[in-house]
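One-letter residues, chain by chain:
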Amino acid sequence: MTTVMTPTVAPQRTPGPAAPDSPRRGSHNGRKEPRVSCVAHLSRGLLVIVALLNAALVVLVASPLPRVPLLVLVAAAVTSWGLVLVPSAVIGLLVGVIAGRRHPWCAGFAVLTAFVALVYGVMPYAATYRTAQDHGQPLAPTAYFDGINYAKAPDGDRTRRYARIGEQRGKLDLWTLPKREGVRHPAVVWVHGGGWNKGHRSQSPAWNRWFNARGWSVFDIDYRLAPRVTQLDQIGDVKCAVGWVRRHARAYGIDPDRLVLAGSSAGGNLALSAAYTEGDDRVPASCAVRDSSVSGVISLYGPTDMGRLIAGTALRGDPMIPRLMGGSAKAVPARYLLGSPAKLVRTDVPPTLLLHGSADRAVPVAQARELARRLDAAGASATYVELPWADHCFDVNWGGWGSQVARAAISRFLAIRGESV
């Protein structure tokens, strides 16, 4: 008997919809996205914040000065204390490297801005190092944050009147050394800056204390401000003050033959113009004086060519300028000439020291270079010191690289003037 084996056929199922695949992490084909962790959000946010901070700092340092007064102050502060860029730059580099794999685009932006910020933070020191060596002044990093060279108001206890000019009193602050029997101190007449229309005497007190520490008395003067008066009136005020100092030399124990005129910014312009137009009847003193001559003149970042300065900077659109100059360059060319030291060069102008930052955004460095070139061509006694990467008002940071070199250069200049009789 033969047994036949019949194969068992499994029952067939009716085809139905296929079961969905389980979602894969990182899939973007319409499937549900995974949750992004808080750590990822925070790291990306930190990258963006650091990158934007470094970018903002670089813009403040490298771009033209903004028109908003508050931003001008911030830009000047960041430029004067450029080392503050270094910590932010280092943080940006570290954060960018650490988070590079997770957020490559944000990290790349952070590293780029951090690198540029680091360059602007470190390069001023590297560039100024050589200049400092040339003047026998090693840069002192520990002195970088020595303080701010600025005072909001004059010291009333030091104030004296040097003349009554029209309805206004011309005032100065005495930073004089004690009188000693048989000793006559050399002296500096300091002219403050402020764009010809603002500022006040003794607004740079660190300079006055520094001069005093080196045996120089200081007379820190005011002058009438624009737009009520013109630039030539201001030059006359400076001459008036110098004449008063010379007339009262014995009373304050100073030597009138060792008198140096110095100023910063607009004050540097007025100091140079007053020294170079001594004896010129076209620019008389604002008061009756016998003699307003000086044995030397120092300008820190002062304008030297008013026509070019106004035509090439934001001053061109300033409504105060026509009143300061007494008209346009075409209408009153003589006024522009008499207020432009570069146009007043002669062989016999007083010995001159020019200090100017190569990165000056308010008064282009070309102004100082042109005056230095003309002084050299005329055979006049002059020294020009260009401070690498220094901006306008670099000496507000009293311990900054530019200030350290400037003090060394001025010390040399004063040593020669102090010895001459």
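First, a word on scope: everything that follows refers to the structure included in this document. (Residues numbered from 1 in each chain as written. Predicted model: local features only at pLDDT ≥ 70, side-chain atom pairs only at ≥ 80, totals over all residues. Heavy atoms only, no water.)

1. What to know about the overall build of the protein chain
- From N to C terminus, the protein chain includes 12 helices and 8 strands.
- Over its C-alpha trace the protein chain gives a radius of gyration of 33 Å, far above what one expects of a compact globule, namely 22 Å for 421 residues.
- In terms of principal-axis extent, the alpha carbons of the protein chain reach across some 155 × 50 × 45 Å.
- The buried share among the 421 residues of the protein chain stands at 48%.
- Considering only intrachain contacts with a sequence separation of at least 6, the fraction spanning at least 24 residues in the protein chain is 78%. (Helix = DSSP H or I, 4+ residues; strand = E, 2+ residues; numbered from the N terminus. Rg over C-alpha atoms; globule rule 2.2 N^0.38 Å. Buried < 20%, exposed > 50% of the residue type's maximum accessible area, 1.4 Å probe, protein only. Contact = heavy atoms within 4.5 Å.)

2. Focus on the layout of surface pockets
- Space inside the largest pocket adds up to approximately 1700 Å³.
- Along its surface, the largest pocket is lined by 47 residues, and L65, V72, K198, H392 and C393 are the ones closest to its centre.
- Of all the elements in the fold, those that place two or more residues in the lining of the largest pocket are helix 2 (69–80) and helix 8 (306–312).
- With 7 residues, helix 2 is the single largest residue contributor to the lining of the largest pocket.
- Of the residues contributing to the lining of the largest pocket, the split by class is 25 nonpolar, 15 polar and 7 charged.
- T79, P124, W389, A390 and D391 are the residues nearest the centre of the second largest pocket, which is lined by 25 residues in total.
- Mapped by element, the contributors of at least two residues to the lining of the second largest pocket are helix 1 (38–62), helix 2, helix 4 (104–134) and helix 12 (401–419).
- Looking at the lining of the second largest pocket, the element that brings in the most residues is helix 4, giving 4 residues.
- Class assignment for the residues of the lining of the second largest pocket results in 14 nonpolar, 9 polar and 2 charged. (1 Å grid on protein atoms, 1.4 Å probe; cavity = no way out; pocket = protein on both sides within 12 Å on 5 of 7 lines; lining within 4 Å. Points joined across faces, edges and corners; volume = space filled by probe spheres on them. Nonpolar A, V, L, I, M, F, W, Y, C, P; charged D, E, K, R; others polar.)

3. Some points on a nonpolar patch on the surface
- A contiguous nonpolar patch, built from V68, L70, L71, L73 and V74 and spanning about 450 Å² of accessible area, is present on the exposed surface.
- Position of L71 relative to the elements: it lies in helix 2.
- Take L71: its relative accessible area is 39%, and that puts it in the partly exposed class. (Patch = residues over 30% accessible without salt bridge, like charges linked within 9 Å, V, L, I, M, F, W, Y side chains within 5 Å. Areas by Shrake-Rupley, 256 points an atom, 1.4 Å probe, with all protein chains shown as cover. Salt bridge = Lys/Arg side-chain N within 4 Å of Asp/Glu carboxyl O.)

4. Quick word on the packing of helix 3 (residues 85–98) against helix 4
- One can describe the packing of helix 3 onto helix 4 by two numbers: an axis separation of 8 Å at closest approach and a directional angle of 155°. Comparing the axis directions of helix 3 and helix 4 gives the class roughly antiparallel. Relative to helix 4, helix 3 is oriented so that their crossing is left-handed. Judged by residue contacts, L85, V86, A89, G92, L93, G96 and V97 of helix 3 engage A107, A110, V111, A114, F115, A117, L118, Y120, G121 and V122 from helix 4.
- Per-class residue counts for the contact of helix 3 with helix 4 are 14 nonpolar, 3 polar and no charged. (Axes fitted to C-alpha atoms, helices over the stretch in contact; angles between N-to-C directions. Parallel < 35°, antiparallel > 145°, perpendicular 65-115°, else oblique. Left-handed = near helix turned anticlockwise from the far one by under 90°.)

5. Notes on the sheet that holds strand 4 (residues 217–221)
- Strand order in the open sheet formed by 8 strands is 1-2-4-3-5-6-7-8, with mixed pairing between adjacent strands. With one partner strand each, in any of the chains shown, strand 1 (159–165) and strand 8 (382–387) form the two edges of the open sheet. Taking the axes of each pair of neighbouring strands and ignoring which way they run, one obtains an average angle of 20° across the sheet.
- Taken together, the 6 bridges between strand 3 (residues 185–191) and strand 5 (residues 254–264) define a ladder with parallel strand orientation. Paired with H185 across the strands is I254, a residue of strand 5.
- With respect to the sheet, helix 6 (residues 231–247) is in contact with strand 1, strand 2 (168–175), strand 3, strand 4 and strand 5, its orientation differing from that of strand 5 by roughly 155°.
- Running over the sheet, helix 11 (residues 365–378) touches strand 7 (352–357) and strand 8 and is turned about 155° from strand 7. (Pairing = 2+ DSSP bridges.)

6. Brief notes about the pattern of salt bridges
- In the structure shown here, the tally under the stated rule is 15 salt bridges.
- When the shortest N-O distance is used, the salt bridge between R158 and D155 registers 3.2 Å.
- R158 sits in the partly exposed class, given a relative accessible area of 27%.
- A relative accessible area of 33% places D155 in the partly exposed class.
- Residue D237 is joined to R224 by a salt bridge in which the shortest nitrogen-to-oxygen separation is 3.0 Å. In this pair, D237 is assigned in helix 6 and R224 in the loop between strand 4 and helix 6, connecting sequence segments 13 residues apart.

Remember that the coordinates give geometry; whether it matters functionally is a separate question.
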